[in-house]
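Coordinates in review
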Amino acid sequence: MNRLLPYPLLIVSIVVMWLALTRFSVGQLLLGAGVALVAAQGLAALRPSTPRLRRWDLIPKLIGIVLLDIVRSNIAVARLILSGKRAKRKSGFVAIPLELRDPMGLAVLAVIITSTPGTAWLDYSDRRGVLLLHIFDLVDESEWVDLIKTRYEYLLMEIFE
Amino acid sequence: MSVEYDIPLWIALPVSAFLLIGAFLTLTGTIGLIRLRIFYDRLHAPTLGSSWGTGAIVIASMILFSYLESRPVVHEILIGIFVTVTTPVTFMLLGRAALYRDRSEGSPLVPPMDVAPPPSKETTAEPAS
């Protein structure tokens, strides 16, 4: 591994972030690059394993699906809250057996599930790979299992594993 | 701060639309947080504010200030990224704390410690990889 420049993606991201927060100039570019290098060295000292991405080309697809789903579930949950028909709605827990084991993939899945209104990540059992979700509007359990697995898990497995 | 800026209609319309959507979603989430009865239900309500509530306001801000400063102003997107990446930590912490408490109290509402997975889902739907 490159000792001088560990985590090139992180370095580029920090420099871009630095330039977005300040106005572009050569001085700011150098300063941002310096900060990024120090940060990357710090991270390298903390965690030796580099996450590897197998399929870059699938990431835009994942982002597209997630943004669309978040819009849809925003509308659905807002409608449920405002309509106030509490008696008809039934929330509940769903246990989903996952095949995804990659820590990065699981972290991304957690971010997706949590930032989508209507689903909350509650528990994940390392040993058995079972994810426990709480669903705001639960109609059919197996539908949710299929949804999470086919829509996100397989895509994440392709990207990360 | 003066409001003497001359903002054309084609900027003002999307900016106000996104601002209203964002504010509306955040307000709805807050109402839900108060009105819902079960703790786990309440977890869902604020995510309205942390997803498109924040997102729409950030988009409105990007459009307006890109126009006013005549250059692309995109650093607001960092707010969106950081909110999205950090909220799961808090939500999972709250959810798991509640789950732990309810389980140790033996509440019938929550599933027990080791939930059995639905039978033979994996065998039928094996992925290609």
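Residues numbered from 1 in each chain as written. Chains lettered and ligands numbered in written order. Predicted model: local features only at pLDDT ≥ 70, side-chain atom pairs only at ≥ 80, totals over all residues.

Labelled according to an unreviewed UniProt entry, chain B appears under the name Monovalent cation/H(+) antiporter subunit G, originating from Chelativorans petroleitrophicus.

By the naming in an unreviewed UniProt entry, chain A is Na+/H+ antiporter subunit E, taken from Chelativorans petroleitrophicus. What UniProt states about chain A under its Subcellular location (unreviewed entry) heading is, verbatim, "Cell membrane". Taken from UniProt, the Sequence similarities (unreviewed entry) comment for chain A reads in full: "Belongs to the CPA3 antiporters (TC 2.A.63) subunit E family." (UniProt positions renumbered as here; feature names shortened; annotations may be inferred.)

**Remarks on the overall build of chain B**
Each helix and strand counted, chain B has five helices and zero strands in total. Of the regular secondary structure in chain B, the N- to C-terminal order runs α-α-α-α-α. Evaluated residue by residue, chain B yields a buried proportion of 25% over its 129 residues. Within chain B, counting contacts between residues at least 6 apart in sequence, those at least 24 apart form 53% of the total. (Helix = DSSP H or I, 4+ residues; strand = E, 2+ residues; numbered from the N terminus. Buried ≥ 20, exposed ≤ 12 C-beta atoms within 10 Å, placed from the backbone. Contact = placed C-beta atoms within 7 Å.)

**Topic: the environment of G34 of chain A**
If you trace the backbone, G34 of chain A turns up in helix α2 (residues 26-46). Spatially, the C-alpha atoms of G34 of chain A and G92 of chain A are 49 Å apart, while their sequence positions differ by 58 residues.

**Some remarks on the packing of helix α3 (residues 59-83) of chain A against helix α3 (residues 46-68) of chain B**
For the pair α3 of chain A and α3 of chain B, the least separation of the axes is 10 Å and the interaxial angle reads 135°. Taken as axis vectors, α3 of chain A and α3 of chain B run oblique relative to one another. You can see that α3 of chain A and α3 of chain B cross each other, and the crossing is left-handed. Residues I70, V71, N74, V77 and A78 of chain A of α3 of chain A lie in contact with α3 of chain B, whose contacting residues are L48, S51 and W52 of chain B. The class makeup of the residues in the contact of α3 of chain A with α3 of chain B is six nonpolar, two polar and no charged. (Axes fitted to C-alpha atoms, helices over the stretch in contact; angles between N-to-C directions. Parallel < 35°, antiparallel > 145°, perpendicular 65-115°, else oblique. Left-handed = near helix turned anticlockwise from the far one by under 90°. Nonpolar A, V, L, I, M, F, W, Y, C, P; charged D, E, K, R; others polar.)

**Focus: unusual backbone geometry**
All names here are of chain B. Positive phi, normally seen in glycine, also occurs at S70, with a value near 50°. Tracing the backbone through its elements, the reader meets S70 in the loop between α3 and α4 (77-104). Look at S70 and you get exposed, because 7 C-beta atoms sit within 10 Å.

**Here we look at the UniProt feature "transmembrane region" (unreviewed entry) in chain A**
Residues and elements named next belong to chain A. Following the UniProt record, one finds the feature "transmembrane region" (unreviewed entry) at residues 6-22 and 29-46. Annotated as 82% helix and 0% strand, the span residues 6-22 places its first and last C-alpha atoms 25 Å apart. Summarising residues 29-46: 100% helix, 0% strand, and an end-to-end C-alpha distance of 26 Å.

**Structural notes on the interface of chain A and chain B**
Facing the 37 residues of chain A at the interface are 38 residues of chain B. Secondary structure elements with two or more residues in the side of chain A that touches chain B: α1 (8-21), α3, β1 (92-97), α4 (103-115), β2 (119-125), β3 (130-135) and α5 (141-160) of chain A. When residues of the side of chain A that touches chain B are assigned to their parent elements, the largest contribution, seven residues, is made by α3 of chain A. Split into classes, the residues belonging to the side of chain A that touches chain B amount to 24 nonpolar, eight polar and five charged.

**With respect to the domain arrangement of chain A**
Entries for chain A in the domain assignment read domain 1 (8-46) and domain 2 (56-160). Domain 1 of chain A and domain 2 of chain A are separated by 33 Å when their C-alpha centres are compared. (Domains from an automatic or database assignment.)

**A closer look at the packing of α1 of chain A against α2 of chain A**
All names here are of chain A. Packing of α1 against α2 leaves a shortest axis separation of 8 Å and a crossing angle of 140°. Regarding α1 and α2, the two cross each other, and that crossing is right-handed. On α2, the residues touching L10, I11, I14, V15, W18 and L19 of α1 are Q28, L29, G32, A33, V35, A36, L37, A39, A40 and L43. Classifying every residue of the contact of α1 with α2 by side-chain character gives 14 nonpolar, two polar and no charged.

**Re the nonpolar core**
Across soluble globular proteins, you tend to see nonpolar side chains buried next to one another. Residues I96, L109, A120, L133 and L156 of chain A together with A56 of chain B are the most contacted members of the largest nonpolar core, which totals 47 residues. Excluding its chain neighbours within four sequence positions, the residues that come into contact with A56 of chain B are F18, I21, G22 and L25 of chain B. (Core = buried A, V, L, I, M, F, W, Y, C linked by C-beta atoms within 7 Å.)

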